[in-house]
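Working through the structure, step by step
Listed below, chain by chain, are the residues.
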Amino acid sequence: MRRERLQGVFTALVTPFDAHGGLDESAIRGLARAQIAAGVAGMVPAGTTGEGATLSDAEHRRLVEIVVEEAAMAPPPRKVWVFAGAGSNDTRQACALGVSARSAGADGLLVVTPYYNKPTQAGLKAHFVAVAEAAELPVLLYNVPGRTGVNLLPETVLALAEREEFWGVKEASGQLDQVSRILASRPASFAVLAGDDALALPVVALGGDGVVSVASNAAPAQMVDLLDAALAGERARAVALYRRLAPLLHANFVEPNPIPVKWALWRLGFLADRLRLPLQSATLSTRRTMTEALERAGLLVDSAASGAETAA
């Protein structure tokens, strides 16, 4: 397959749930439409932010189908990419999720390093190759050692980048020196995307291509503006936009993601604040922090009298 260069904001979509605990299809569509209208480059359903580890195989497939259907409605010639999460610490299950995502119409996969097992670098490489070959789709590597307990080293990323089926990496190690080492030696068409919103600006400054964003669930237009300015080399504008969004980028991680962002989306009227155990709704402290951050970002203008920061 011919690798295409990915660039811009890719929203790590939350997964809305209904009152019975199933997928809230109407809210999924509404959220996807808001992302498309704001100009995101792509959407990533069923990843960490989407509580992908709690989805059944049938839910995973249906979620991807819905997001693909909405992405297809983007006005031509615009392309909105859909990279579906296909993460598991069982390579066979990751392969099965990849095959299912392909049949649901996904453009590619976001494949996280296997968690808990703590594989070697050779094992990680074999895992990613197996998923790519089974699904026959482009793969974004996903490195997030804070959640998985294993770091995908730059040497392994660069070895995989020589293969055309690997289109990029979502780098969420939090180590800019690691990002820099990948950027220094990557093939020109291999995308390096920040996996942390707060590091999107420095990653682009180092030569990176964009971000897989949590914040863009609630602030898609603002994150698109920030990345557009950064990619265009408009440093002063990018810094000003970043400073306005910084409290929101922080608030999204005062509790484990997606707890804060789901509450924020409820507060903005997009969906119900429902998560699957073992995750629970945001604490009162987090709600207050998030309310202030949403106000700073210009997303809330009437919160003072509502008392909504204490609502369930």
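Quick look at the overall build of the protein
Counting its secondary structure elements, the protein contains 12 helices and eight strands. Taking 312 residues into account, the globule formula puts the C-alpha radius of gyration at 20 Å, and the protein, at 18 Å, falls close to it. As presented, the protein carries roughly 12500 Å² of accessible surface, and 53% of it is formed by carbon and sulfur atoms. Measuring between centres, the 29 positive side-chain charges of the protein sit 2 Å from its 32 negative side-chain charges.

Concerning the environment of R296
Following the sequence through the fold, R296 ends up in helix 12 (residues 284-296). Placed 268 residues apart in sequence, R296 and I28 show a C-alpha to C-alpha distance of 26 Å.

Description of the pattern of salt bridges
The final tally for this structure, using the stated rule, is 20 salt bridges. The closest approach of N and O atoms between R5 and D209, which form a salt bridge, is 2.5 Å. You can see R5 sitting in the segment before strand 1 (8-12) and its partner D209 sitting in the loop between helix 8 (200-205) and strand 8 (210-213), a full 204 residues away along the chain. Given a relative accessible area of 38%, R5 falls into the partly exposed group. Note on D209: relative accessible area 1%, which makes it buried. The salt bridge partner of E69 is R62, with a shortest N-O separation of 3.8 Å.

Overview of the sheet that holds strand 6 (residues 166-171)
Pairing in this closed barrel of eight strands is parallel, and the strands run 1-2-3-4-5-6-7-8 around the ring. Neighbour-to-neighbour, the strand axes of the sheet open up by a mean angle of 25°, direction not taken into account. As judged from the four bridges shared by strand 1 and strand 8, these two strands associate in the parallel manner. Following the sheet pairing, T11 is matched in strand 8 by S213.

Description of the nonpolar core
M43, L109, L141, F166 and M223 are the most contacted members of the largest nonpolar core, which has 89 residues in total. Residues F10, V44, L110 and A172 belong to the second largest nonpolar core, which totals 17 residues.

Focus on the pairing of strand 8
Residues of strand 8 alternate between two faces, with G210 and V212 on one and V211 and S213 on the opposite face, all of them buried. Where strand 7 (residues 191-194) meets strand 8, two bridges bridge the pair, whose relative direction is parallel. By the bridge assignment for strand 8, L193 is matched with G210. For the crossover that starts at strand 7, traverses helix 8 and ends in the parallel strand 8, the hand is right-handed.

Some words on the environment of V14
Mapped onto the secondary structure, V14 falls in the loop between strand 1 and helix 1 (25-38). A relative accessible area of 3% means that V14 is categorised as buried. Each C-alpha atom, one on V14 and one on G50, is 4.1 Å from the other, the two residues being 36 residues apart in sequence.

Regarding the packing of aromatic side chains
Applying the stated criterion across every chain, the model contains four aromatic pairs. Centre to centre, the rings of W81 and W167 are 5.6 Å apart; their planes meet at 80°, and the pair counts as edge-to-face. On the criterion of sequence distance, the pair formed by W81 in strand 3 (residues 81-85) and W167 in strand 6 is long-range, its members being 86 residues apart. Relative to W266, the ring of W263 has its centre 5.8 Å away and its plane inclined at 45°; by these criteria the two rings are tilted. In this pair, W263 and W266 both sit in helix 11 (residues 259-267), three residues apart, roughly one turn of the helix. For W263, a relative accessible area of 1% translates into the label buried. Since its relative accessible area comes to 26%, W266 is described here as partly exposed. Cluster of aromatic residues (ring-pair linked, three or more members): W81, F83 and W167.

Calculation notes
Residues numbered from 1 in each chain as written. Predicted model: local features only at pLDDT ≥ 70, side-chain atom pairs only at ≥ 80, totals over all residues. Heavy atoms only, no water. Helix = DSSP H or I, 4+ residues; strand = E, 2+ residues; numbered from the N terminus. Rg over C-alpha atoms; globule rule 2.2 N^0.38 Å. Areas by Shrake-Rupley, 256 points an atom, 1.4 Å probe, with all protein chains shown as cover. Lys, Arg positive; Asp, Glu negative; His and termini not counted. Charge placed at Lys NZ, Arg CZ, Asp CG, Glu CD. Salt bridge = Lys/Arg side-chain N within 4 Å of Asp/Glu carboxyl O. Buried < 20%, exposed > 50% of the residue type's maximum accessible area, 1.4 Å probe, protein only. Pairing = 2+ DSSP bridges. Axes fitted to C-alpha atoms, helices over the stretch in contact; angles between N-to-C directions. Core = buried A, V, L, I, M, F, W, Y, C linked by side-chain atoms within 4.5 Å. Right-handed = clockwise from strand over helix to strand, strands pointing away. Phe/Tyr/Trp six-rings, centres within 6.5 Å; stacked < 30°, edge-to-face > 60°.

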